[in-house]
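Here's the letter readout for the chains.
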Amino acid sequence: HLLGRHYVGLAAGLDLVPILRLDAMALVNARDGSGAAVAMLRCSISDESDAVLGMIAPWGDPPSIGSTPYFPGVSLESEFGTMPLMVFLDARFYF
């Protein structure tokens, strides 16, 4: 789920060879400038299965220690600044 209301996004994909596809996407919160870039490399293992290696790289101001009426002790400076760098491996099976 996303916290903001206004976003800008861009996505692109490219077949490197018939069984290997590269996909990239970026999503930016238009209010605070934070965002996340996603890159995925998908390999077709068979007609019914894929393996995906991917990464999500967020950017934005991290939370600050302070006091607000809603979150005593923590102030969110940007939406995506709280996310860690993530790397994942996904196995997909189709029926």
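Residues numbered from 1 in each chain as written. Predicted model: local features only at pLDDT ≥ 70, side-chain atom pairs only at ≥ 80, totals over all residues. Heavy atoms only, no water.

Novice: Requested: an account of the overall build of the chain, with residues and values cited.
Specialist: Helix and strand content of the chain: 0 helices and 7 strands. Counted from the first residue to the last, the chain has its helices and strands arranged as β-β-β-β-β-β-β. Taken over the C-alpha trace, the chain has a radius of gyration of 17 Å; the compact-globule value for 95 residues is 12 Å, which it surpasses by more than 25%. Relative to its full complement of 95 residues, the chain shows a buried share of 16%. Surface summary for the chain: the accessible area is close to 6,900 Å², and the carbon and sulfur share equals 66%. Here the chain carries 5 positive and 10 negative side-chain charges, and the mean point of each set is 6 Å from the other. (Helix = DSSP H or I, 4+ residues; strand = E, 2+ residues; numbered from the N terminus. Rg over C-alpha atoms; globule rule 2.2 N^0.38 Å. Buried < 20%, exposed > 50% of the residue type's maximum accessible area, 1.4 Å probe, protein only. Areas by Shrake-Rupley, 256 points an atom, 1.4 Å probe, with all protein chains shown as cover. Lys, Arg positive; Asp, Glu negative; His and termini not counted. Charge placed at Lys NZ, Arg CZ, Asp CG, Glu CD.)

Novice: Go over the environment of Arg 21, please, and point to the residues and values.
Specialist: Within the secondary structure layout, Arg 21 lies in strand β2 (residues 20–29). A sequence separation of 19 residues divides Arg 21 from Met 40, and the C-alpha atoms of the two residues are 8.1 Å apart. Leave out the neighbours within four places in its chain, and Arg 21 touches Gly 13, Leu 14, Asp 15, Leu 16, Met 40, Leu 41 and Arg 42. Side-chain polar atoms of Arg 21 contact the side chain of Asp 15, separated by 3.1 Å. A distance of 3.0 Å separates polar atoms of two side chains, one belonging to Arg 21 and the other to Asp 23. (Contact = heavy atoms within 4.5 Å. Polar contact = N/O pair within 3.5 Å; in protein donor to acceptor, adjacent residues only side chain to side chain.)

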